[in-house]
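Residue-level structure breakdown
Each chain, written out:
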Amino acid sequence: MSNRFTQYILIAMVLGIAMGTIVFNYLPDSRAGIAADVNLIAMLFLRLIKMIIAPLVFATLVGGIAHMGSGAKLGRIFAKTMGWFVSASFISLLLGLVMVNLLQPGANFPGTLPDKAQSTGLPVSAFSIEKFLTHLIPTSIADAMAQNEILQIVVFSVFVGTAVASIDDKAPAVLALVEQVAAIMLKVTGYVMAAAPFAVFGAIAYTVSLQGLGVIVDYSRLVGSFFIALFNLWAVLITAGFLVLG
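Fair warning: this is a prediction, and the values are worked out from it, not measured in the lab.

Notes on the overall build of the chain
In terms of helices and strands, the chain carries nine helices and zero strands. Secondary structure of the chain in N-to-C order comes out as α-α-α-α-α-α-α-α-α. Expressed as a percentage of the 246 residues in the chain, the buried residues total 24%. A sequence separation of at least 24 residues applies to 80% of the contacts in the chain between residues at least 6 apart. Roughly 16,800 Å² of accessible area belongs to the chain as shown, and the carbon and sulfur atoms make up 72% of that amount.

This is the structure in structure tokens:
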């Protein structure tokens, strides 16, 4: 199934490039309208992805934490996980800075960047530890799920999973329900990912329709730079894991 799905993705890419090229070259007057219509497919797919994030994260985290057992064991796993997370994040950021200066993937990329003094309309504020820490704690889990605030959902899930683990003999029905929800959401995720070829077709057709076939070369350079950096990151993390874990 995975091989067939990969074939569907590749076919969708080819069809998207073909359609975009036809629209760009032969329908210049209506290319904007056609591109917007085709892009609707990709936008709907992205909304489907956002739809499943919150319940999937909550159910899988609560179920996984609840099965870890005692608080002491959970604490050790949490400490090791946070240590690995912080170290891997630092290495990722450092490697990203090095690779972006070496490869310069955005150099000569077709497009215009806003002036530094131009307002983007996005809410911005100075980073502070106080704001970051207060943002971690949700004032309402319903609001956190509605806004897809992943960190807040993770914090709430850790508390719920720990509580379920500490009273597992008194809450078997809750644990069973969470596991069933996780299984259901994984199945829903499979349904959503089945639409990925259509999203790929729509996104590529939209881009090529507006910018022409030459944009594929520029995007390929960007993607190639990303994978080069990713493979280097994998090599560093696998080596570190081998030295630490054996």
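Let's talk about the nonpolar core
Core analysis: the largest hydrophobic core is formed by eight residues, namely Ile-9, Phe-45, Ile-52, Leu-56, Met-185, Val-192, Ala-196 and Ala-199. Elements with a minimum of two residues in this core: helix 2 (31–66), helix 7 (172–193) and helix 8 (196–211). In terms of residues, this core owes the most to one element, helix 2, which gives three residues. What Ala-199 contacts, discounting residues up to four positions off in sequence, is Ile-41, Ala-42 and Phe-45. Core analysis: the next-biggest nonpolar cluster, separate from the first, contains six residues, Ala-88, Leu-95, Met-99 and Leu-233 among them.

Describing the packing of aromatic side chains
Summed over all chains, the structure comprises four aromatic pairs. Centre to centre, the rings of Phe-227 and Phe-231 are 6.2 Å apart; their planes meet at 35°, and the pair counts as tilted. Taken together, the positions of Phe-227 and Phe-231, both in helix 9 (residues 215–245) and four residues apart, correspond to about one turn of that helix. Aromatic rings pair up to connect Phe-226, Phe-227, Phe-231 and Trp-234 into one cluster. Its end group placed over the ring of Phe-24, Arg-31 keeps NZ or CZ at 4.3 Å from the ring centre.

Considerations on unusual backbone geometry
Backbone phi values are negative for most residues with the exception of glycine, while trans is the configuration of most peptide bonds. The backbone of Gln-104 sits at a positive phi, close to 45°, despite the residue not being glycine. Looking at the element boundaries, Gln-104 is found in the loop between helix 3 (71–103) and helix 4 (129–136). For Gln-104, a relative accessible area of 47% gives the class partly exposed.

Considering helix 2
What sets the pattern is the α-helix's 3.6 residues per turn: residues three or four places apart point alike. Relative to the 52 Å expected for 36 residues at 1.5 Å per residue, helix 2 spans 53 Å between its end C-alpha atoms, a close match to the ideal helical length. Along its length, helix 2 shows its largest kink, about 30°, at Ile-53, and proline Pro-55 lies within four residues downstream of that point.

Focus on the pattern of salt bridges
In this structure the tally under the stated criterion is one salt bridge. For Arg-221, the salt bridge identified is with Asp-218, shortest N-O distance 3.9 Å. With Arg-221 and Asp-218 both in helix 9, this residue pair falls three residues apart, about one helical turn. Look at Asp-218 and you get buried, because its relative accessible area is 16%.

Examining the side chain of Thr-189
Of note, Thr-189 is situated in helix 7. Not counting the four nearest positions on each side in its chain, Thr-189 is found in contact with Ile-52 and Leu-56.

Side note on the environment of Gly-20
Position of Gly-20 relative to the elements: it lies in helix 1 (residues 2–26). On the accessibility criterion, Gly-20 (0% relative accessible area) is buried. It is 4.6 Å that separates the C-alpha atoms of Gly-20 and Val-208, two residues lying 188 residues apart in sequence. Not counting residues within four places of it along the chain, the set of residues in contact with Gly-20 comprises Ala-205, Val-208 and Ser-209.

Digging into the packing of helix 2 against helix 6 (residues 150–166)
The N-to-C vectors of helix 2 and helix 6 enclose an angle of 30°; their axes lie 8 Å apart at closest approach. Here helix 2 lies roughly parallel to helix 6, going by the angle between them. Our pair here, helix 2 against helix 6, has a crossing hand that is right-handed. Side by side, helix 2 and helix 6 meet where Ile-53, Ala-54, Val-57, Phe-58, Leu-61, Val-62, Ile-65 and Ala-66 of the first sit next to Ile-150, Ile-153, Val-154, Phe-156, Ser-157, Val-158, Val-160, Gly-161, Thr-162, Val-164 and Ala-165 of the second.

Cut-offs applied
Think of each chain on its own: its residues are numbered from 1, step by step along the sequence as written. For this predicted model, a pLDDT threshold of at least 70 governs which residues receive local features, and a threshold of 80 or more governs which side-chain atom pairs are given and counted, while totals over whole chains, interfaces and linings are taken from all residues. Side-chain measures here rest on the full set of heavy atoms in the structure, leaving out hydrogens and waters. Under the scheme used here, helices are H or I runs from DSSP no shorter than 4 residues and strands are E runs no shorter than 2 residues, and both carry numbers assigned from the N terminus. For every residue, the accessible area (1.4 Å probe, protein chains only) is compared with the maximum for its type, and the residue is labelled buried under 20%, exposed over 50%, or partly exposed between those bounds. Here, residues are in contact when the closest pair of their heavy atoms is within 4.5 Å. Every accessible area reported is derived by Shrake-Rupley at a probe size of 1.4 Å, with residue values counting cover from the shown protein chains alone. Buried Ala, Val, Leu, Ile, Met, Phe, Trp, Tyr and Cys residues form a nonpolar core when they are joined through side-chain atoms within 4.5 Å. Any Phe, Tyr or Trp ring, taking Trp's six-membered ring, that has another such ring centre within 6.5 Å forms a pair; planes under 30 degrees apart are called stacked, those over 60 apart edge-to-face, and the others tilted. Charge over a ring is defined by NZ of Lys or CZ of Arg lying within 6 Å of the ring centre and within 35 degrees of the ring normal. Working rule for helices: expected span equals 1.5 Å times residues minus one. Bending is quantified residue by residue as the angle between axes fitted to the seven-residue window ending at that residue and the seven-residue window starting at it. Here, a salt bridge means any side-chain nitrogen of Lys or Arg that lies within 4 Å of a carboxyl oxygen of Asp or Glu. Every angle, taken between N-to-C directions, lies between 0 and 180 degrees, and every axis is a line fitted to C-alpha atoms, over only the stretch in contact when it is a helix. Our angle categories are set so that under 35 degrees counts as roughly parallel, over 145 as roughly antiparallel, 65 to 115 as roughly perpendicular, and the remainder as oblique. In this scheme, a crossing is called left-handed if the near helix is turned counterclockwise away from the far one by less than a right angle; it is called right-handed if the turn is clockwise.

From the geometry alone we can't say anything about function, so treat these as descriptive.
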